[in-house]
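# Structural features, examined
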Amino acid sequence: MFTGSFSRALVAAGMAVLVLAGCSSGAPLPPPPRDDAAALQRDQQAFVDAMKPRSPGGSRPVIAVLASNDGTEMTDLLLPYAVLGRADIAEVRIVAPRAGRIDLFPALQVDGAQDFAGFDRAHPSGADYVIVPAMLKDDAPEITAWLRRQSQQGARVIGVCSGALVVGQTGLLDGRRFAGHWYDRGTLLKRHAGSTHVPHRRYVVDRGVATTTGITASVPAMLALVEAIGGREKASALAAELGVASWSPVHDSTPFGLDAGKRFAYLLNKAAFWRVERWSVEVRDGTDDVSLALAVDAWERTGRVRVEAVSASGPVRLRSGLVLLARPASAGDGVSNGARRLPLSATLKPVPQLDRTLCEIAGRHGDARRDWVMLEMEYPAQQGAACAG
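Residues numbered from 1 in each chain as written. Predicted model: local features only at pLDDT ≥ 70, side-chain atom pairs only at ≥ 80, totals over all residues. Heavy atoms only, no water.

### Focus: the overall build of the chain
Note the cut-off: Working definition: helices are DSSP H or I runs of at least four residues, strands are E runs of at least two. Numbering for both runs from the N terminus. A 1.4 Å probe rolled over the protein chains alone gives each residue an accessible area, and that area as a share of the maximum for its type sets the label: buried under 20%, exposed over 50%, partly exposed in between. Residue contacts are counted whenever heavy atoms from the two residues lie within 4.5 Å of one another. The Shrake-Rupley method, run with a 1.4 Å probe sphere, supplies the accessible areas, and residue values consider only the shown protein chains as cover.
Within the chain, the secondary structure is distributed over 14 helices and 17 strands. Burial status across the chain gives 56% buried among its 389 residues. Taking as baseline every contact in the chain between residues at least 6 positions apart, the subset at least 24 positions apart corresponds to 74%. Per element, the accessible surface of the chain, about 15,500 Å² overall, is 53% carbon and sulfur.

### Structural notes on the pattern of salt bridges
Between side chains of opposite charge, a pair can form as their charged atoms come close. So the rule is basically this: Here, a salt bridge means any side-chain nitrogen of Lys or Arg that lies within 4 Å of a carboxyl oxygen of Asp or Glu.
Summed over the entire model, instances satisfying the criterion amount to 25 salt bridges. When the shortest N-O distance is used, the salt bridge between Arg201 and Asp43 registers 2.6 Å. Taken together, the positions of Arg201 in the loop between strand 9 (196–197) and strand 10 (203–206) and Asp43 in helix 2 (residues 37–50) put the pair 158 residues apart, joining distant regions of the chain. The class of Arg201 is buried, set by a relative accessible area of 9%. One connected set of salt bridges, linked through shared partners, spans Glu73, Asp297, Arg301 and Glu376.

### Considering the nonpolar core
Selection rule: To form a nonpolar core, buried Ala, Val, Leu, Ile, Met, Phe, Trp, Tyr and Cys residues must be joined to one another through side-chain atoms within 4.5 Å.
By size, the foremost hydrophobic cluster in this structure holds 78 residues, and its most contacted members are Met222 and Leu225. With residues near it in sequence (within four places) discarded, Met222 still touches Leu79, Pro80, Val83, Leu84, Ile131, Ile158 and Val160. Ranked by size, the runner-up nonpolar core spans 25 residues in total, among them Leu165, Leu173, Phe178 and Val209.

### With respect to the pairing of strand 13 (residues 305–311)
Threshold: Here, the term right-handed applies to a crossover whose path from the first strand over the helix to the second runs clockwise when the strands point away from the viewer. Only strands that DSSP links by at least two bridges are regarded as paired with each other.
For strand 13, a buried count of 6 out of 7 residues is recorded, marking the element as mostly surrounded by other parts of the structure. Since strand 12 (residues 277–282) and strand 13 lie parallel, the crossover through helix 11 (residues 289–300) that links them has a hand, and here it is right-handed. In this structure, strand 13 lies alongside strand 16 (residues 327–328), joined through 2 bridges in parallel fashion. Within strand 16, the residue paired with Ser311 across the bridge is Pro328.

### Some details on the packing of helix 3 (residues 74–87) against helix 8 (residues 218–230)
Selection criterion: To get an axis, a line is fitted to the C-alpha atoms, and for a helix only the part in contact is used. The angle between two axes follows their N-to-C directions and goes from 0 to 180 degrees. Any angle between 65 and 115 degrees counts as roughly perpendicular, while under 35 counts as roughly parallel, over 145 as roughly antiparallel, and the rest as oblique. Here a crossing is called left-handed whenever its near helix is offset anticlockwise from the far helix by less than a right angle, and right-handed whenever the offset is clockwise.
Two elements in contact, helix 3 and helix 8, have axes separated by 10 Å at closest approach and are oriented at 30 degrees. As summarised for this structure, helix 3 and helix 8 are arranged roughly parallel, according to the angle between their axes. Relative to helix 8, helix 3 is oriented so that their crossing is right-handed. Together, Thr75, Leu79, Pro80, Val83, Leu84 and Ala87 of helix 3 and Ser218, Val219, Met222, Leu225 and Val226 of helix 8 make up the contact between the two elements.

### Thoughts on helix 8
As a reminder of what qualifies: In this analysis, the expected span of each helix is defined as 1.5 Å times one less than the number of residues it contains.
In this model, helix 8 (13 residues) spans 17 Å end to end at C-alpha, consistent with the 18 Å of a helix rising 1.5 Å per residue. Of all the 13 residues making up helix 8, 12 are buried; the element is thus mostly covered by neighbouring parts of the structure. Restricting attention to buried positions, one finds in helix 8 the residues Ser218, Val219, Pro220, Ala221, Met222, Leu223, Ala224, Leu225, Val226, Glu227, Ala228 and Ile229. Residue Gly231 follows helix 8 closely and has a positive phi angle near 100 degrees.

### With respect to empty space enclosed by the protein
This is how it is decided: Method remark: on a 1 Å grid restricted to protein atoms, a set of points is classed as a cavity if a 1.4 Å probe fits but cannot get out and as a pocket if it is open with protein on both sides within 12 Å along at least five of seven lines; lining residues have an atom within 4 Å of a point. Grid points are joined across faces, edges and corners, and a volume is the space filled by probe spheres set on the points. For this classification, the nonpolar set comprises Ala, Val, Leu, Ile, Met, Phe, Trp, Tyr, Cys and Pro, the charged set comprises Asp, Glu, Lys and Arg, and every other residue, Gly included, is treated as polar.
For the structure on display, the rule yields 2 cavities of 30 Å³ or more. A class-by-class count of the residues in the lining of the largest cavity yields 6 nonpolar, 5 polar and 3 charged.

### Describing helix 11
To keep things clear, this is the line we draw: As used in this structure description, the phrase polar contact means that two N or O atoms lie within 3.5 Å; if the pair is within protein, one of them must be able to donate a hydrogen and the other to accept it, and residues adjacent in sequence are counted only when both atoms belong to side chains.
With 12 residues, helix 11 extends 16 Å from end C-alpha to end C-alpha; this agrees with the ideal 16 Å at 1.5 Å per step. Extensive coverage of helix 11 is indicated by the burial of 12 of its 12 residues. Of all the positions in helix 11, only Asp289, Val290, Ser291, Leu292, Ala293, Leu294, Ala295, Val296, Asp297, Ala298, Trp299 and Glu300 are classed as buried. N-capping of helix 11 is provided by Asp288, with a side-chain oxygen placed 3.0 Å from the backbone N of Val290.

### Some words on the packing of aromatic side chains
Note the following rule: Centres within 6.5 Å make a pair out of two Phe, Tyr or Trp rings, where for Trp the six-membered ring is used; the pair is then stacked when the planes are under 30 degrees apart, edge-to-face when over 60, and tilted otherwise.
Under the criterion given, the structure shown has 5 aromatic pairs. Their ring planes at 5 degrees and their centres at 4.8 Å tell us that Phe116 and Trp146 sit as a pair that is stacked. Here Phe116 is found in helix 4 (residues 116–122), whereas its partner Trp146 is found in helix 5 (residues 141–152), with 30 residues between them in sequence. A relative accessible area of 0% places Trp146 in the buried class. These aromatic residues form a ring-pair network of at least three members: Phe116, Phe119 and Trp146.

### Some details on the environment of Gly286
Here Gly286 shows up in the loop between strand 12 and helix 11. Between the alpha carbons of Gly286 and Leu322 there is a distance of 9.7 Å; along the sequence they are 36 residues apart. When near neighbours in sequence (up to four residues on either side) are disregarded, Gly286 contacts Arg317, Leu318 and Arg319.

### Re the pairing of strand 10
A regular strand places its side chains on the two faces of the sheet in alternate fashion. Going residue by residue along strand 10, you find Tyr203 and Val205 tucked away on one face and Val204 and Asp206 tucked away on the opposite face as well. The turn joining strand 10 and strand 11 (residues 209–212), which pair antiparallel and follow one another in sequence, is formed by 2 residues; a positive phi near 50 degrees is taken by Arg207.

### A word on the confidence of the model for the chain
Where we set the bar: Values of pLDDT, the confidence the predictor places in each residue, fall between 0 and 100.
Here the chain averages 88 in pLDDT, while 84% of its residues score no lower than 70. This model gives residues 1–25 a pLDDT under 50, and the stretch forms 54 contacts once residues within four places in sequence are excluded.

### Brief notes about the packing of helix 11 against helix 12 (residues 350–365)
Relative placement of two packed helices is described by the angle separating their axes and the distance separating the axes. Taken N-terminus to C-terminus, the directions of helix 11 and helix 12 make an angle of 20 degrees; their axes are 9 Å apart at the nearest point. What the angle tells us is that helix 11 and helix 12 run roughly parallel. Of the two possible hands of crossing, helix 11 and helix 12 adopt the one that is right-handed. Note on element contacts: helix 12 touches helix 11 through Pro350, Gln353, Leu354, Thr357, Glu360, Ile361, Arg364 and His365, opposite Val290, Ser291, Leu294, Ala295, Ala298 and Trp299. Considering only residue class, the contact of helix 11 with helix 12 consists of 8 nonpolar, 4 polar and 2 charged.

Here it is as structure tokens:
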């Protein structure tokens, strides 16, 4: 359980070590191709075609968002669950080894997971799709075994960000093409015989197994899945709600990596837990899951902020219906008492909320630290770098 700035900072430092290990191997990337619209459309359509329901016009598909109770990446879990639920195209469930609480990293906790046994009883033929977020432990035997069974029963699998490491434990990446977060590239190539890393694409599919690049790639990947299940008009409407113009797979992978000069500075940044500030984010029933996840994720990844959810009365039900565990607000949450409130706009759409958050990070901690956050979240510079006024 991740409570307290010291323990969470140690987790962050440990994650930094994994980052350094993961980016220390693998050949340099080729330059990005000069993509034309037709090539990008072909790649996007390949994903959509691979993820279309196998029985069009039949019962609603069942989508399981897989989680580890002991540590699942916040945006990787909250965004797919919220976006797919908002699309209203499928039955969507968070499924974990144990029912109930999920500890998220780098912050927050939610309640409402269904356990494996309960899901299997309700859906004996298995899920139609399984979304796999990044997890603190990628080789938990019970998670690997359940995911393998779902795949054997016919589920299409989508590994989001470092969820590719979890997917790989089942053997599903052996001999396949994959994307994955930039710092996992070398690890995945070493682990999986015959696998091929595909740079410069936000999402890639190969024989029913899809993978995405870093954290923010869950936006275009989930919109592409919505298109596959519910049609392009549904995906377009949802993209407008999220504040994005396209869910194309286009991506320049070359800026994402750590050269020798950056690695030591990165580790020091993550290990400097004595410099953190204690922040709270005020939540209420109906708070938007996607905006909350993107903003909190970005601030936590500065290495200078630890965020706790507070509300007027304790746990709240987010817009998706998921319960977020929150501490009742108190007089001690004020700035005068050493705490700060995370700025979260109720009027901005989710992706513009992330853009504004990155600008706020630059204003408070400098452009270099904002760029570290964008590196971790694998967020393209042309989307997040410009700050107005």
